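What follows is the residue order along each chain.
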Amino acid sequence: MSKERDKGMSLIVKTITRLTVGLIFLYGVYIVAHGHLSPGGGFAGGVIIALSFVHLMLAYGKEEAFKKLSRAGASVFESLGAIMFLTIALLGFFGGYFFLNFVSKGTPFRLYSSGIIPFCNIAICLKVGAGLFAIFIALVLLKFDVEKKQ
Amino acid sequence: MIPYLPYWLCLILFCEGLYCVLRKRNLIKIIVGIMIMDYAVNLFFVLLAYKINGRAPILSPDTTIMNMVDPLPHALVLTSIVIGLATTALFIAIAIRIYQKYGTFDITKIKELKG
Amino acid sequence: MIETSQIIPLFVAIPLGGAFLTSLTSKKLNWLADILGIGATLVLFVLSLMSVRLVYLYDILIYKVGAWNPPIGIVMVMDGLTSFMLVTVNLVAFLIACYSINYMEKFTSKWSFYTLFLLMLAGMNGVIVTGDLFNLFVFLEIAAIASYALVAFGTEKFELEAAFKYAVMGSVGSLFILLGIGFLYGYTSTLNMADMANVLKEKGVSNVTLMVSVLFLMGFGFKAAIVPFHAWLPDAHPSAPAPISAMLSGVLIKSLGIYALCRIVFNIIGITAPISNILMFLGALSMVVGVFLAIGQWDFKRLLAYHSISQIGYVVLGIGIGTPLGILGGLFHLFNHSVFKSLLFLNSGAVEYSTGTRDLKEMGGLASKMPMTGSTSFIASMSIAGIPPFNGFWSKLIIIIAAVQASHYWYAFWAVLASILTLASFMKVMKYAFLGKLGEKWSQIKEVPGFMQLSMLLLALICVVGGLLVLPSVSEVFLRKASDALLQGVDYATTILSNV
C-alpha cells in the first residue's frame with residue numbers, strides 16, 4: 001500500500017491522465033503555432049506545455065516524468081531556446097537592423113505569414129516551457145530535503 | 001455614480017497589497033501582498049486601453065479596423081505578467097531556503113543582521 | 001555596409017549572448033565560463049571607449065530597432081550622457097570580472113555566477129541605451145532580478161535574509177515605477193521618450209505630471225538608496241560576495257537609480273523649482289544620515305555600505321543644484337565613486353579571502369603581510385575622503401563651489417561636514433585594519449592571487465589619474481558632453497526626432 005502511495009495518485013487519476021496529457025500538449029502546440037493569428041503566442045503556449053509535464057509528474061511520480069524530460073534536458077532546452085531567439089535577432093542585425101523582419105511575409109491570415117514571428121514564438125515556447133518545468137522541479141524537490149533534515 | 005469608478009477600485013486594490021507587505025508577519029503573506037500589487041497594476045494598464053463600445057483587437061479576414069480597443073497596453077501587460085512570474089518564483093525559492101535555515105516563517109524571529 | 005550607429009545594440013546583445021552560452025556549456029567545462037566572462041566584458045569596454053569618440057564626432061546616434069520609425073518603434077539613443085555611463089559601467093564590470101576569476105573559486109557553481117553577472121550587465125547596459133520608457137522598465141527588471149539572485153548566492157543564513165529584504169523593497173519600488181509609466185501613457189498616449197517630451201511641453205504642468213514625478217521619485221529612490229528609501233542597502237551590500245558588492249554599490253545603484261531618474265526628470269518632464277529643491281534636500285539628508293550611521297560601525301563591509309548612501313547623497317545634491325557646474329560635479333562624482341567604492345569593496349573581499357573575517361576589531365597590521373591590498377586601500381580611502389590630488393577631492397570641490405555659487409550656503413556647509421566625518425571614519429578603518437601590530441593568528445596569511453591584485457592595481461591607477469578629467473581639453477570630450485545632454489532639457493526631443 002505504501003509503495004503505491006509513494007508513486008503518484010490513485011488509479012482513476014492515472015487513467016484520465018494517460019488519456020488527456022497528450023491532448024494538453026497538442027493544445028499548447030496549437031496555441032504557439034497560431035500565435036500571429038489569434039491570441040496566445042509563445043509565452044501562453046509554453047506555459048501550457050510545461051503544465052502537461054507537471055501534470056504527468058503529479059499523477060505518476062517523479063521517475064515517470066523524468067523519463068520524458070530529464071533535469072539536464074530541461075536545462076539544455078532552456079538555453080537552446082534563448083540562443084535561438086538571440087540568433088534570430090542577430091541575423092536581422094547582419095542584414096540591416098536588429099530584429100528586422102527579413103523572412104518573406106506571405107499572404108496575410110495564412111499559417112505561414114508575417115516573417116520571423118512564428119520562429120520567435122517557437123523559441124520563446126521552448127524557453128518558457130523548459131524554464132517553468134525546471135522551476136517546478138527545483139521548488140518541489142527542495143521540499144524533500146527539508147523534511148529529511150527535520 | 002462616482003465617475004471613473006473602475007480606476008478608483010484598482011488603486012484601492014494596490015493600496016491593499018501595500019498594506020499586506022507592510023503589516024503582515026508571515027513571509028508567505030508578504031509575497032501574496034506583492035502579487036496583489038502586481039495584479040492591480042496590470043489591471044490598471046488594461047483599464048487604460050478601454051474605449052467605449054470597443055471590441056477585442058483581433059484582426060481576421062472579415063472584419064474592418066473600426067471600434068477596437070487599444071492593443072498596446074495588452075502587449076505591455078503580457079510582458080509585465082512574465083516579469084511578475086519570474087519575481088514570484090525567485091521569492092518563493094528564497095523563502096523555502098529561509099525556512100530550511102531558520103526553521104520559521106515569522107519575520108520577527110529572522111533578525112540576524114543588526115546595526 | 002556597416003553604419004556607425006550599429007554599435008548600439010551590441011551593448012545589449014553581447015552580454016546576453018555570453019550569458020546564454022555560459023549557461024549552456026559551462027556546467028561541464030568550467031574553464032569556459034572564465035573565458036566567456038572576461039571576453040565579453042573586454043569587448044564591451046573597448047566598444048564603450050569607441051562610443052565616446054563616435055559621440056564626439058557625430059553628436060548623437062540613433063538606432064531604430066527592426067527598422068520601424070519612432071514613435072511607432074523602439075529607438076536606441078546614444079548621446080553624451082549615454083556614452084559617459086557606458087564607460088563607467090563597462091570599465092568597472094571588466095575589472096570585477098577579472099577579480100572574480102580567483103575569488104569565486106571558493107564557491108561551488110561558478111557558471112551560474114557568470115550567467116547572472118552577464119545578465120545583470122545586459123540589463124544595466126539596456127537601461128542606459130534605450131530611448132523608450134517601457135523598454136527601460138523591462139531592462140531595469142532584468143538587472144534587478146539578477147541582482148536579487150546574486151545577493152543570495154552563497155546561501156548562508158544572513159545572505160538569504162538580506163536577499164529577501166532587498167527583493168521585497170526592490171519589487172515595491174519597481175511597481176511604483178510601473179504605475180507611474182501607466183499614468184504617463186494614459187496622459188500622453190505614447191511611450192517613446194522624445195515624443196512624450198514634446199506632448200508634455202504642449203500640455204504643460206498639471207496634476208498628473210506632479211503625481212507622476214512623486215511616483216518616479218519614490219520608485220527610483222528605492223533603486224538608488226536615497227535616504228527615506230535606503231533601508232535595504234546596509235543589509236544587502238555586505239551580505240553579497242565581494243565582487244557582487246562592488247558591482248551593486250559601484251554601478252547598479254547608479255545605472256538603475258540615478259541615471260534613469262535624471263533622464264526622466266530632466267529630459268521628459270522638465271526640471272522645475274520644486275523638484276530641484278526636493279532633490280537637493282534629499283541629497284543633503286542622505287549625505288548626513290549616511291555618514292553619521294557609518295561612524296559607529298565595526299563591520300568593514302557594512303561601514304562601506306553606509307558610506308555608499310552618503311556619497312550618493314553628494315551626487316544627488318550636485319545634480320539637484322541644476323546649474324551647469326553642479327551637474328558637472330555630480331556626474332564626475334558618480335564616475336569617481338564607481339571607481340573608488342568598487343576598489344574599497346574589492347579590498348574588503350581580499351581581506352576576507354586571506355583572513356576569513358570582516359570585523360575591524362579582530363584585524364590589525366595587515367599591511368605588512370598584504371602590501372598590495374594595503375596600499376590600494378590607502379589610495380581609495382584618501383580618494384573617498386577628498387584629499388588632494390586624488391580624484392575624490394576634485395569632484396567634491398566642484399560640488400561645493402557650485403552650491404556656494406547658487407547661494408545654497410547651508411548645503412555647502414553640510415557637504416563639508418560630511419566630508420570631514422568621512423575622513424575620520426576612514427582613518428579609523430586604516431588604523432584598525434592595516435596599520436599597527438600584526439596579530440598572532442594572522443602570521444600565516446599571504447597576499448591574494450594574481451588576477452585580484454591586477455584589478456585592484458588598475459582601479460587604484462584610475463583613482464590617481466582621475467583628477468585629470470577636469471582639464472578643459474579632456475572634459476570637453478567626456479564630462480561636458482554628458483552635462484550638456486542633461487542641460488538641454490526637453491529639447492532632447494527635437495534633437496532625436498530631427499535626426500531620425
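Heads up: these notes are all about the structure in this document. (Residues numbered from 1 in each chain as written. Chains lettered and ligands numbered in written order. Predicted model: local features only at pLDDT ≥ 70, side-chain atom pairs only at ≥ 80, totals over all residues.)

## Quick look at the overall build of chain A
Logical step 1: If you tally the helices and strands in chain A, you get six helices and zero strands.
Logical step 2: Listed by position from the N terminus, the elements making up chain A come as α-α-α-α-α-α.
Logical step 3: A burial count over chain A gives 31% of its 150 residues as buried.
Logical step 4: Expressed as a percentage of contacts within chain A between residues at least 6 apart in sequence, the contacts between residues at least 24 apart total 67%. (Helix = DSSP H or I, 4+ residues; strand = E, 2+ residues; numbered from the N terminus. Buried ≥ 20, exposed ≤ 12 C-beta atoms within 10 Å, placed from the backbone. Contact = placed C-beta atoms within 7 Å.)

## Things to note about helix α12 (residues 300-321) of chain C
Logical step 1: For α12(C), spanning 22 residues, the distance from its first C-alpha to its last is 32 Å, which sits close to the expected 32 Å at 1.5 Å a residue.
Logical step 2: Phi turns positive, to about 90 degrees, at C:G322, one or two residues after α12(C). (Expected span 1.5 Å × (residues − 1).)

## Quick word on the interface of chain B and chain C
Logical step 1: Between chain B and chain C, the contact holds 26 residues from the first and 28 residues from the second.
Logical step 2: The leading source of residues in the side of chain B that touches chain C is helix α3 (residues 72-102) of chain B, at 13 residues.
Logical step 3: Considered class by class, the residues forming the side of chain B that touches chain C number 18 nonpolar, four polar and four charged. (Nonpolar A, V, L, I, M, F, W, Y, C, P; charged D, E, K, R; others polar.)

## Some points on the pairing of strand β2 (residues 75-78) of chain C
Residue and element names in this part refer to chain C.
Logical step 1: Of the two faces of β2, the one carrying V75 and V77 and the one carrying M76 and M78 are both buried.
Logical step 2: With four bridges connecting them, strand β1 (residues 61-64) and β2 associate as antiparallel partners. From the neighbouring strand, Y63 faces β2, where its bridge partner is M76. (Pairing = 2+ DSSP bridges.)

## Here's the deal with the packing of helix α5 (residues 133-151) of chain C against helix α10 (residues 242-269) of chain C
When two helices pack together, their arrangement is captured by the angle between the axes and the distance separating the axes.
Residue and element names in this part refer to chain C.
Logical step 1: Running from N to C, α5 and α10 point in directions that differ by 160 degrees, and their axes come no closer than 12 Å. Looking at the two axes, α5 sits roughly antiparallel to α10. Where α5 crosses over α10, the two elements pack in a sense that is left-handed. In this structure, α5 contributes L136, L140, A143, A144, S147, L150 and V151 to the contact, and α10 contributes I244, L248, L252, L256 and A260.
Logical step 2: Partitioning the contact of α5 with α10 into residue classes produces 11 nonpolar, one polar and no charged. (Axes fitted to C-alpha atoms, helices over the stretch in contact; angles between N-to-C directions. Parallel < 35°, antiparallel > 145°, perpendicular 65-115°, else oblique. Left-handed = near helix turned anticlockwise from the far one by under 90°.)

## Examining α10(C)
Logical step 1: Over its 28 residues, α10(C) extends 38 Å from the first C-alpha to the last, a length consistent with the 40 Å expected when each residue adds 1.5 Å.
Logical step 2: Bending of α10(C) peaks at approximately 40 degrees at the position of C:K254. (Bend = angle between axes of the 7 residues up to and from the residue.)

## Quick look at the environment of C:F478
Logical step 1: Structurally, C:F478 can be placed in the loop between α18 (472-477) and α19 (479-487).
Logical step 2: For C:F478 and C:S425, which are 53 residues apart along the polypeptide, the C-alpha to C-alpha distance reads 32 Å.

## Digging into the environment of A:I31
Residue and element names in this part refer to chain A.
Logical step 1: With respect to the secondary-structure elements, I31 resides in helix α2 (residues 11-33).
Logical step 2: For the pair I31 and G45, spaced 14 residues apart in sequence, the C-alpha separation works out to 5.3 Å.
Logical step 3: Residue contacts for I31: discarding those within four places in its chain leaves G40, A44, G45 and I48.

In short, shape yes, function no, at least from these values alone.
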